[in-house]
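Working through the structure, step by step
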Amino acid sequence: MQKIRWNDNWKFWADKDAFALIWNIPDNAQDITLPHDAMIADKPHPDSPNRTSTGFRDGDCYTYVKLFTPEESWRDQIVQVYFEGVYMNAMVYLNGQFIAKNPYGYTGFTAPLNSYLKFGEVNELRVLVRNGAMNNSRWYSGSGIYRDVWLQTSGLTRIVPQGVQVRTEEIRDDAAVLKITAEIENRSTQPAELVLETVLKDPAGVRAGREKTSLRLTAGEQRTLVQRILVEAPKCWSEEQPALYAIETMLCTPAGEELDADDDRFGIRNLSLDSKKGLQVNGQTVKLRGACIHHDSGIIGAATYEDAQYRQVLLLKKAGFNAIRMSHHPMAEAMLRACDELGVYVMDELTDMWNRMKSNYDYGLYFNEWWEKDTEAMVRKDFNHPCVVLYSIGNEIPEIGMDAGSATAHAISAKLHALDETRYTTAGINGVFAAGDSVPVIMADVASGMAQRGEEVGNVNDFLTMADDHMDEIVVHRCISERLEKACASLDVAGYNYMTARYEPDGKNYPNRVIVGSETYPPEIARNWGEITRLSHVIGDFTWTGWDYIGEAGVGIPGYHFGEGGFGAQFPAQLAYCGDIDLTGMRRPASYYREIVFGLRKDPYIAVQNPYHYGEPVMKTPWVISDATHSWTFKDCEEKPVIVEVYAPGDEVELIQDGVSLGRKPAGKETGFITTYETTYRKGTLKAIAYEKGDVIGQQELMSAGDAVTLVVKKEPWYREKAAQAEGAAQQLTYYSIELLDENGKLVTDAEREITVTAPENVQVALGSGDPKPAHNYNERVTDTFGGRAQMIIVGTAPKGCIRVTAEDGLEVEI
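The notes below deal with the structure included here. Keep in mind the model is a prediction, meaning the values are calculated, not measured.

Spatially, the four strands line up as an open sheet ordered 32-31-34-35, and their pairing is antiparallel. A single partner strand is all that each edge strand has here, and the edge strands are strand 32 (660–666) and strand 35 (695–703). Averaged over all neighbouring strand pairs, the angle between strand axes comes to 15°, with direction disregarded. Taken together, the eight bridges between strand 34 (residues 685–692) and strand 35 define a ladder with antiparallel strand orientation. Across the sheet, Tyr691 pairs through a bridge with Val696, a residue of strand 35.

The next point concerns helix 3 (residues 367–382). Lys373 marks the point of greatest bend in helix 3, at about 25°. Buried residues of helix 3: Phe367, Trp370, Trp371, Asp374, Thr375, Ala377, Met378, Val379, Arg380, Lys381 and Asp382, and no others.

Pairing of strand 16 (residues 245–252) with strand 17 (residues 258–266) involves eight bridges; the strand directions are antiparallel. Among the inter-strand pairings, Met250 is bridged to a residue of strand 17, identified as Ala261. The hairpin turn running from strand 16 into strand 17, its antiparallel successor, is five residues long, and Gly256 in that turn takes a positive phi close to 100°.

Right, let's talk about the environment of Glu743 for a bit. Turning to its location among the elements, Glu743 is positioned in the loop between strand 37 (733–741) and strand 38 (754–758). Taking relative accessible area as the criterion, Glu743 reaches 71% and is therefore assigned exposed. Between the C-alpha atom of Glu743 and that of Asp707, which follows or precedes it by 36 residues, the distance is 7.6 Å. Dropping the residues within four chain positions of it, Glu743 is found in contact with Asp707 and Val709.

In this description, a pair of aromatic rings is defined by centroid distance and the angle of the planes. Throughout the structure, instances matching the rule amount to 31 aromatic pairs. Ring geometry for Phe56 versus Phe571: centroids 5.3 Å apart, planes at 80°, classification edge-to-face. Linking Phe56 in the loop between strand 3 (30–32) and strand 4 (61–68) with Phe571 in the loop between strand 28 (538–544) and helix 11 (589–597), this pair joins segments that are 515 residues apart in sequence. Judged by relative accessible area, Phe571 falls into the partly exposed class, the value being 31%.

Oppositely charged side chains can pair when the atoms bearing their charge come close. What the rule picks out here adds up to 51 salt bridges. In this structure, Arg311 and Glu716 form a salt bridge, with 2.9 Å as the shortest nitrogen-oxygen distance. With Arg311 in helix 1 (residues 306–318) and Glu716 in the loop between strand 36 (710–715) and helix 12 (721–727), this residue pair connects regions lying 405 residues apart in the sequence. For Glu716, a relative accessible area of 19% corresponds to the buried category.

Spatially, the three strands line up as an open sheet ordered 18-19-20, and their pairing is antiparallel. At either end of the open sheet lies a strand with only one pairing partner, and these are strand 18 (271–274) and strand 20 (284–285). The pairing of strand 19 (residues 278–281) with strand 20 spans two bridges and is classified as antiparallel. Paired with Gln280 across the two strands is Thr285, which belongs to strand 20.

Moving on, we get to the nonpolar core. Grouped together as the largest cluster of nonpolar side chains are 133 residues, with contacts concentrated most on Leu288, Cys339, Ile400 and Ile429. When residues in this core are grouped by element, the largest group, six residues, is from helix 1. If near-sequence neighbours (up to four positions away) are discounted, Leu288 is found in contact with Leu279, Asn322, Ala323, Tyr345, Leu390, Trp529, Ile539, Gly540, Asp541 and Phe542. Counting 29 residues, the second-largest nonpolar core is a separate cluster that includes Phe83, Ala100, Leu125 and Ile145.

A separate point is the side chain of Asn7. Within the secondary structure layout, Asn7 lies in the loop between strand 1 (2–5) and strand 2 (10–14). Reaching out from Asn7, the side chain makes a polar contact with the backbone nitrogen of Val149 at a distance of 3.0 Å. What Asn7 contacts, discounting residues up to four positions off in sequence, is Ile32, Thr33, Leu34, Pro35, Asp148 and Val149.

Calculation notes
Residues numbered from 1 in each chain as written. Predicted model: local features only at pLDDT ≥ 70, side-chain atom pairs only at ≥ 80, totals over all residues. Heavy atoms only, no water. Pairing = 2+ DSSP bridges. Helix = DSSP H or I, 4+ residues; strand = E, 2+ residues; numbered from the N terminus. Axes fitted to C-alpha atoms, helices over the stretch in contact; angles between N-to-C directions. Bend = angle between axes of the 7 residues up to and from the residue. Buried < 20%, exposed > 50% of the residue type's maximum accessible area, 1.4 Å probe, protein only. Contact = heavy atoms within 4.5 Å. Phe/Tyr/Trp six-rings, centres within 6.5 Å; stacked < 30°, edge-to-face > 60°. Salt bridge = Lys/Arg side-chain N within 4 Å of Asp/Glu carboxyl O. Core = buried A, V, L, I, M, F, W, Y, C linked by side-chain atoms within 4.5 Å. Polar contact = N/O pair within 3.5 Å; in protein donor to acceptor, adjacent residues only side chain to side chain.

Worth remembering: the numbers are spatial, not functional.
Here it is in structure tokens:
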């Protein structure tokens, strides 16, 4: 099959007239190149019906059109278009004739063109996108054709798309046995004598195996062919050595004429799972250091670019993660490729809802009729990606512990096992959500226990208030245990969202149950990781979240008055702000804290609580550690009290301020890896030293900055350059960091300046920062620095010298 990206030369407009008797292309239609996120272009506003869910951004109804002239060779070929992702309710038409639909916004689907092609003239492919019913998502979804589109052509006798699958049957010291299945079909009216040839190449491009199989297909027949190939001295795929093999599959006539071909990459690796050894990859136990992430790519929105996905996975791995949970839908193919290349394990997730909706117009409207097709689409997409180790059947499904929900869980898990017997199933189960109508009983029992202990009970009807201090008691309640027995009955791995208190007792009560912390609070990583490393049946932790994202605005924003942050956050809050890494890719204090807890960092890390709000109670959700930042530069705070947090390994830490020791204190596991000091702010230097049994194991200095005198624009490396050049691919995105520095080249974290970018209209520019409350939209070419920083992304290419970056005080840089 010939596959070409079909992203160029599309027309786009917001469509307000569904009942149009004549379809035309309006004069205001934009010329665009896919991928394209229509939602990010419209400015957020406080009256959005989506509210905080999408960061106060509206969805709408859109039309995409591509005009093309069919090639004459297509008359005797199968011609189709594959859409990797369209959000949502996509309807596809060729020359006005309906050819395909896909309600779900996160699975790929195919639109066949043959029936309505018009040869010798211009044809119109029209895609209607209906995302105007709000709200339909709990997070920023984006809108439109936000992933790649492919034109696929083949002969009538062909290899079915995504029909070649590689299984590792056995790995020995000297060899590996691979089982390869290939779906072949003959759509012609005549029988066909065929030869299927498979060639494997190792990571260096050297042939590693070959097999030929002869077959005869009758007219209209489809058959799955099985081949076994021995690979000597295999290079196995793992997080430490992500070795990728190539597979080339050719369908030929007996005389050697090639009828069709397919190529892909795969990894040789096997998985095993039990409660004693946990998850094993190639016979080695692996603990998953996981990050939950949503799918937007920061200031460019939901548009899915290979460069952005690779950069995100690379930075997550550099920060200490070895696994990603795609929350809460199937992962983009570009990110799967990045995880394959970089050695990052993946939990791919089917959906956020089943038959009980979480938003008024979400996928729950379609789930019952579409889940099987969408499950198959996810598995066929994932199958040859060695990074995928777990399939999640759903996230926080309220009905999963009920009779009907348990039956649905069984059906999905069985479907996944039938499609792919090599991987394991799980679900992100929130015990409180699963408890459903048992919540009043749980609350009454917890309140009774509080009364017996002499604790103030308060309003027992305010579940969220009670949950703040008594979540451990709640999640181990017998009612939740009963629901979990049904919820976990069909799963290979019990995914626990925010139920650390169940890890140890459930290991005793259910000795064969394997557990993963499928979603956890960032402040609890020290407790969680201690349990995970101690308990063999708990295979990992996935924090919420590894990377900040648009939508669920405020969940991680610390506030001091109602409306500033948390669940009551008001506009202009647009980001969740609970990521270890911020929206632009900068690591936040929580990231370094986690790295220390994981045992991957010896140097301590200094974070300073906001001195402007010293003594004020911080209004924060369970996803917030504190309001601390990595800065010792605070204007107008001289001689004011301040609290310094030091994240440190070892057993002791010392904080030195301007050469004067503030004392040694316990550190490491004893303090949950956080030690605090109270001091007086003065411009100067803080130095933290970590000790282990009296020996220095690491240190860090944090110095105050002077006034901002320099605007520096730095171009990031093209992380995918080597792989892209091998594929013949061009650079899609160029990232630039924008920083305000003092005369010594130090970042001035309290310098907030308006930054303006001037560039030709045909140069697509995204400009923003990690600020959870941005004053400008990311396409306005103006932003304010946040913590002394901003980010610019150029989509495509721009001539040298055509872009100017200017700060409001007159500093200017040309690139």
